[in-house]
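Observations on chain architecture
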Amino acid sequence: MPNHLTQGRLTLTPEIADALAGNRPVVALESTVISHGMPYPKNLETARALEAEVRGAGAVPATIAVMDGRIRVGLDDDALERLASAGPAAWKLSRRDLPVALAVGALGATTVAATMIAARMAGIAVFATGGIGGVHRGAEHSFDVSADLDELARTSVCVVCAGAKSILDLPKTLEVLETRGVPVLGFGTGEFPAFYSRRSGLPVSHRCDNVTEVANILRTKWELGLEGGVLLANPIPLADELDADAMEDAIGRALADADAKGIKGKDVTPHLLAALERLTGGRSLTANMALIRDNARVAAGVAAAYAALEKPNG
Ligand code: PSU
Ligand code: MN
């Protein structure tokens, strides 16, 4: 890869390195949603659509993955194809897995946690995904709490998501975020969205109605020296919302199926996502694709507003 900028273990594309050096907006995108969250080739289609969405909104996309012993920040089409076609054969990398995959040269997709780490290393402040990991239902027995929550507590990146799926325990997830000092901002809503539905009945810590307000909160938090992430929850577009009762039913079945099969650890979330897609006849996948694109668009707006604040004398 001639002309790529290397920084320790990171490899940035020239376009991303230039944009960051010129304080122009860049949006990080994760790759576990590509490898483990959607089937091929819809995952490739989505990965390309997300990049286009970010560009259309005036920012540079930076999809992040681990390849050939490097953290790649910005994937060309060959690399996207490699990751999308590998699917779950790629490693699913959270904080604990990142050094291992790099050391042994594995092909790895980054979760929200690992993408935040890489974005922070590269100097990217805003990251778009679909849903974050959280506290699983029954966590009082299984202790299954996603490392995404700890990463949000410690790594200074704004994560734009559509809330969290109710495969998780949403009240417990919000309690952990509160304990760990993570602002949860609702974009145009006072309620934490529940991924496939716009509402959960649970309040966010603050409602923001425009990207400038979000950017101001980011700058203020980090200027204060309060390290750690900010979660911006953007509800699924109205036209793409799924029926909440039908989804609750599908989620109940997906959880029962995972339980019966004894699925544990990092396999739980991918297993549930695949089961939901089967149980909804693909409607969950269509909704997932729509909401993640909208998150990419909003993230580009936040990145532009944040870059404008950071401009010297700006
Ligand atoms: N939730 C989704 N879709 C996803 C994921 C979560 O609705 O694709 C992925 C993200 O990469 C997230 C990871 O960071 O799963 C969380 O995995 P775990 O629950 O094992 O921490
Ligand atoms: Mn887990």
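Residues numbered from 1 in each chain as written. Chains lettered and ligands numbered in written order. Predicted model: local features only at pLDDT ≥ 70, side-chain atom pairs only at ≥ 80, totals over all residues. Heavy atoms only, no water.

1. Considering the overall build of the protein
We apply this condition: Strands here mean DSSP runs of E at least two residues long; helices mean DSSP runs of H or I at least four residues long; both are numbered from the N terminus. Throughout this description, buried means an accessible area under 20% of the type-specific maximum (1.4 Å probe, protein chains only), exposed means over 50%, and partly exposed covers the range between. We call two residues in contact whenever any of their non-hydrogen atoms come within 4.5 Å of each other. Surface accessibility in these figures is a Shrake-Rupley result with a 1.4 Å probe; residues are shielded only by whichever protein chains are displayed.
Counting secondary structure elements, the protein contains 13 helices and 12 strands. Residues classed as buried in the protein amount to 56% of the 314 residues present. In the protein, 73% of the contacts between residues at least 6 apart in sequence involve partners at least 24 apart. Surface exposure of the protein reaches about 13,100 Å², of which carbon and sulfur atoms provide 52%.

2. Some details on the packing of helix α3 (residues 42-56) against helix α13 (residues 283-310)
Each pair of packed helices gets described by two things: the angle between the helix axes and the distance between those axes. So the rule is basically this: Axes here mean lines fitted to C-alpha atoms, for a helix over just the part in contact, with angles spanning 0 to 180 degrees between N-to-C directions. Angle categories are assigned with fixed cut-offs, so that under 35 degrees is roughly parallel, over 145 is roughly antiparallel, 65 to 115 is roughly perpendicular, and the rest are oblique. Crossing chirality is assigned from the near helix's rotation relative to the far helix, an anticlockwise turn below a right angle marking it left-handed and a clockwise turn marking it right-handed. Here the nonpolar group is Ala, Val, Leu, Ile, Met, Phe, Trp, Tyr, Cys and Pro; Asp, Glu, Lys and Arg are the charged ones; every other residue, Gly included, is treated as polar.
At their nearest, the axes of α3 and α13 sit 8 Å apart, and the two run at 25° to each other. When the interaxial angle is binned, α3 and α13 end up roughly parallel. Once α3 is placed against α13, the crossing between them reads as right-handed. On α13, the residues touching K42, E45, T46, A49, L50, E53 and V54 of α3 are L285, M289, I292, R293, A296, R297 and A300. In the contact of α3 with α13, the residues fall into eight nonpolar, one polar and five charged.

3. Some remarks on the packing of aromatic side chains
So the rule is basically this: Any two rings among Phe, Tyr and Trp, with Trp reduced to its six-membered ring, count as a pair given centres within 6.5 Å; such a pair is stacked if its planes are under 30 degrees apart, edge-to-face if over 60, and tilted if neither.
Taken as a whole and assessed by the stated rule, the structure comprises two aromatic pairs. Between F195 and Y196 the ring centres are 4.9 Å apart and the planes differ by 85°, which places this aromatic pair in the edge-to-face class. For the pair formed by F195 and Y196, the shared burial category is buried. Aromatic side chains W222 and Y306 sit 5.8 Å apart centroid to centroid with 85° between the ring planes, which places their arrangement in the edge-to-face category.

4. Notes on the UniProt feature "binding site: Mn(2+)" (unreviewed entry) in the protein
Stated formally: UniProt positions are given in the numbering used here, feature names are shortened, and annotations may be inferred rather than shown by experiment.
Those places that UniProt annotates as "binding site: Mn(2+)" (unreviewed entry) correspond, in this numbering, to D144. On the secondary structure map, D144 appears in the loop between α7 (139-142) and α8 (147-154). Among residues more than four places away in sequence, those in contact with D144 are G134, V135, H136, A139, G265 and V268.

5. Quick word on the nonpolar core
Spelled out, the test is: Buried Ala, Val, Leu, Ile, Met, Phe, Trp, Tyr and Cys residues form a nonpolar core when they are joined through side-chain atoms within 4.5 Å.
In this structure, V73 and L231 are the most contacted members of the largest nonpolar core, which totals 111 residues. Counting residues per element, this core draws most heavily on α13, at 14 residues.

6. Describing the environment of P88
Position of P88 relative to the elements: it lies in the loop between α4 (77-86) and β6 (91-93). With 54 residues separating them along the chain, P88 and I34 place their C-alpha atoms 9.2 Å apart.

7. Some words on the site of ligand 1
The line we're drawing: We call a residue near a molecule or strand whenever a single non-hydrogen atom of that residue lies within 4 Å of it. Any pair of N or O atoms that falls within 3.5 Å is considered a polar contact. Within protein, one atom must be able to donate a hydrogen and the other to accept it, and sequence-neighbouring residues count only if both atoms are side-chain atoms.
Around ligand 1, a shell composed of 14 residues is seen, among which E30, K92, S146, K165 and T269 lie nearest. Separating an oxygen atom of ligand 1 from a side-chain N or O atom of D148 is a distance of 2.7 Å. Bound to the protein, ligand 1 loses 92% of the 470 Å² it would expose on its own. Of all the secondary structure elements, the ones that give two or more residues to the shell around ligand 1 are α2 (32-35) and α12 (268-279). Taken together, the residues of the shell around ligand 1 sort by class into four nonpolar, six polar and four charged.

8. A closer look at unusual backbone geometry
Here Y40 and P41 are connected by a cis peptide whose omega angle stands at 0°. By the element assignment, P41 lies in the loop between α2 and α3. Positive phi, normally seen in glycine, also occurs at N23, with a value near 55°. Along the chain, the position of N23 falls in the loop between α1 (14-21) and β3 (26-29). Residue N23 is classed as partly exposed on the basis of its relative accessible area of 24%.

9. Points about the UniProt feature "active site" (unreviewed entry) in the protein
Taken from the UniProt record, the annotation "active site" (unreviewed entry) applies to E30 and K165. Checked against the element boundaries, E30 lands in the loop between β3 and α2. Residue E30 is classed as buried on the basis of its relative accessible area, which comes to 8%. With near-sequence residues (within four places) excluded, E30 lies in contact with T63, I64, T110, T111, V112, T115, F127, A128 and T129. Of the polar contacts made by the side chain of E30, one reaches the backbone nitrogen of V33; its length is 3.2 Å.

10. Description of the pairing of strand β9 (residues 158-161)
Going by this rule: Here a strand pair is declared whenever DSSP counts at least two bridges between the two strands.
Residues of β9 alternate between two faces, with C158 and V160 on one and V159 and C161 on the opposite face, all of them buried. For strand β8 (residues 126-128) and β9, the ladder comprises three bridges, and the chain directions are parallel. Looking at the pairing, A128 lines up with V160 of β9. As paired strands, β9 and strand β12 (residues 230-233) are joined by four bridges and run parallel to one another.

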